[in-house]
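Analysis of the macromolecular model
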Amino acid sequence: MSDDPFVTHRGLLFTVVYEMLGSAADAEDVLQESWLRWADADHARVRDPRAYLVRLVTRQALNRLRTLSRSREDYVGEWLPEPLLTSPDVAEDIELADSVSVAMLTVLETLAPTERAVFVLREVFAMPYGEIAGAVGKSPAAVRQIARRAREHVAARRPRVRVSRSEQRAVVDRFLAALRTGHLQELMEVMAPDVVMIADGGGLVAAALTPIHGADAVAPLLARAHRVVTALDARPVWLNGAPAGRVAFDGEPAAVSLVVEHGRVTRIYVVRNPRKLTRLDELAELTR
């Protein structure tokens, strides 16, 4: 089994599908479906197993993405991607780490399914347009146009400033320390005035149903958490290739990812939906 190309490239295939879907659970389902199709394929006729398998999982992921796009219209509150526990090594591949960040996956959610597939395959995995065309069922010329539109769409919405992992880690540590103490002034100082906080409870736990704008609103809300819960634990972890936080409010877990620009927090993503927090004790294999 270790010589099977599907096993060899599984980390890559999972990463492709996860970036397309933003859900590890759905990505695993797609890989299972793809494995069954691969098992039935005539392997002797496959000249490039890696490219073949990427095309295979892309087609299956597109089918799943179109279904998910309809179901997410009925999602309660804000939808955020499923956070994954990663090793610091993922951050060494800067482009990969940026592509799997919660901020980027949230931006990719605003693309149409085919646009998302084309963007991921071209911009993250550098696949030739001809191979992408075969994966998404479009002509190479159409894929080029889709890729251009998707790049422009993402560029207008992605974080404006790229910071070092050391700076990200320092700001995350400051934020988590302020959250643990509930000190309002410290929270205000670590946030940009126009910070935005987005929370995802999925209708299963308490969470703001719409984004909260501005440090004047976000900081008092976070400071209040320290007073209304009996126990608040906040510790640093690596999520989606970046320093982040794992927080527990009276034992109820949450994953907190931050966007940092110019030494201050500009975006706060809080995932509280328990169905999206099942993988925080298991390292995910993300690779290109």
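Residues numbered from 1 in each chain as written. Predicted model: local features only at pLDDT ≥ 70, side-chain atom pairs only at ≥ 80, totals over all residues. Heavy atoms only, no water.

**Structural notes on the packing of aromatic side chains**
Test applied: Only the six-membered ring of Trp is used, alongside the rings of Phe and Tyr, when aromatic pairs are assigned; centres must lie within 6.5 Å, and planes under 30 degrees apart are stacked while those over 60 apart are edge-to-face, with the rest tilted. In this description a helix means any DSSP run of H or I spanning at least four residues, a strand means any run of E spanning at least two, and both kinds are numbered starting from the N terminus. Partly exposed residues are those whose accessible area sits between 20% and 50% of the maximum for their type, while under 20% is buried and over 50% is exposed, using a 1.4 Å probe and protein chains only. Here, over-ring charges are defined by two tests on the NZ atom of lysine or the CZ atom of arginine: distance to the ring centre within 6 Å, and angle to the ring normal within 35 degrees.
Going through the model one piece at a time under the given rule, you end up with 3 aromatic pairs. Between Phe6 and Trp35, the ring centres sit 5.4 Å apart and the planes meet at 70°, which makes this aromatic pair edge-to-face. Placement of Phe6 in helix α1 (residues 5-8) and of Trp35 in helix α3 (residues 24-40) is noted, with a sequence separation of 29 residues between them. Residue class for Trp35 comes out partly exposed when judged on its relative accessible area of 24%. One cation-aromatic arrangement involves Arg122 over Tyr129; the distance from NZ or CZ to the ring centre is 4.1 Å.

**Looking at the nonpolar core**
Threshold: Nonpolar cores are built from buried Ala, Val, Leu, Ile, Met, Phe, Trp, Tyr and Cys residues. Side-chain atoms within 4.5 Å join them into one set. Residue contacts are counted whenever heavy atoms from the two residues lie within 4.5 Å of one another.
Of all hydrophobic cores here, the largest spans 52 residues; its most connected members are Phe14, Val17, Tyr18, Leu108 and Val136. When neighbours within four sequence positions are excluded, Val136 is seen to be in contact with Thr58, Leu62, Thr114, Ala117, Val118 and Val143. Membership of the second largest hydrophobic core comes to 32 residues, among which are Met191, Leu222, Ala223 and Val270.

**Brief notes about the pattern of salt bridges**
Rules: The term salt bridge refers to a side-chain nitrogen of Lys or Arg lying within 4 Å of a carboxyl oxygen of Asp or Glu.
Counting across every chain of the model gives 19 salt bridges. Two residues, Glu109 and Arg116, come together in a salt bridge whose shortest N-O distance is 2.8 Å. For Glu109, a relative accessible area of 25% corresponds to the partly exposed category. When the shortest N-O distance is used, the salt bridge between Glu123 and Arg151 registers 3.0 Å. Note that Glu123 is positioned in helix α7 (residues 113-124) and Arg151 in helix α9 (residues 140-155), a separation of 28 residues in sequence. Overall, Glu123 belongs to the partly exposed group, its relative accessible area being 32%. Judged by relative accessible area, which is 31%, Arg151 ranks as partly exposed. Where salt bridges share partners, they join Arg10, Glu28, Glu82 and Arg279 into one cluster.

**Here's the deal with the layout of surface pockets**
We count it as follows: Cavity and pocket criteria rest on a 1 Å grid covering protein atoms alone: a 1.4 Å probe that fits but cannot get out defines a cavity, protein on both sides within 12 Å along at least 5 of 7 lines defines an open pocket, and an atom within 4 Å of a point defines a lining residue. Grid points are joined across faces, edges and corners, and a volume is the space filled by probe spheres set on the points. Note on residue categories: nonpolar means Ala, Val, Leu, Ile, Met, Phe, Trp, Tyr, Cys or Pro, charged means Asp, Glu, Lys or Arg, and polar means any other residue, Gly included.
Space inside the largest pocket adds up to approximately 470 Å³. Taken together, 27 residues line the largest pocket, and the ones lying closest to its centre are Asp98, Ser101, Pro159, Val161 and Arg165. Elements that contribute at least two residues to the lining of the largest pocket include exactly α5 (94-100), α6 (102-108), α10 (165-181), β4 (242-249) and β5 (252-261). Tallying contributions element by element places β5 first for the lining of the largest pocket, with 4 residues. Looking at the lining of the largest pocket residue by residue, the classes come out as 17 nonpolar, 5 polar and 5 charged.

**Things to note about empty space enclosed by the protein**
Enumeration over the complete set of coordinates arrives at 2 cavities of 30 Å³ or more. Approximately 50 Å³ is the volume attributed to the largest cavity. In terms of lining residues, the largest cavity is bounded by Leu12, Val16, Arg50, Ala51, Val54, Phe125, Met127 and Glu131. Of all the elements in the fold, those that place two or more residues in the lining of the largest cavity are α2 (10-21) and α4 (49-71). In this structure, the second largest cavity spans a volume of roughly 30 Å³. Around the second largest cavity, the lining residues are Pro83, Val102, Ala255, Val256, Ser257, Tyr269 and Val271. Among the elements of the structure, β5 and β6 (264-271) are those that each provide at least two residues to the lining of the second largest cavity. With 3 residues, β5 is the single largest residue contributor to the lining of the second largest cavity. Of the residues assigned to the lining of the second largest cavity, the class counts are 6 nonpolar, 1 polar and no charged.

**Considering the pairing of strand β3 (residues 232-239)**
As a reminder, the rule being used: Whether two strands pair comes down to DSSP finding at least two bridges between them.
Bridge analysis of β3 against β4 gives 8 bridges, and the strand direction is antiparallel. Pairing of Asp233 across the sheet is with Ala248, part of β4. Where β3 folds back on β4, the antiparallel hairpin that results is connected by 2 residues, among which Asn240 adopts a positive phi of roughly 50°.

Interpretation in functional terms is not warranted from these geometric data alone.
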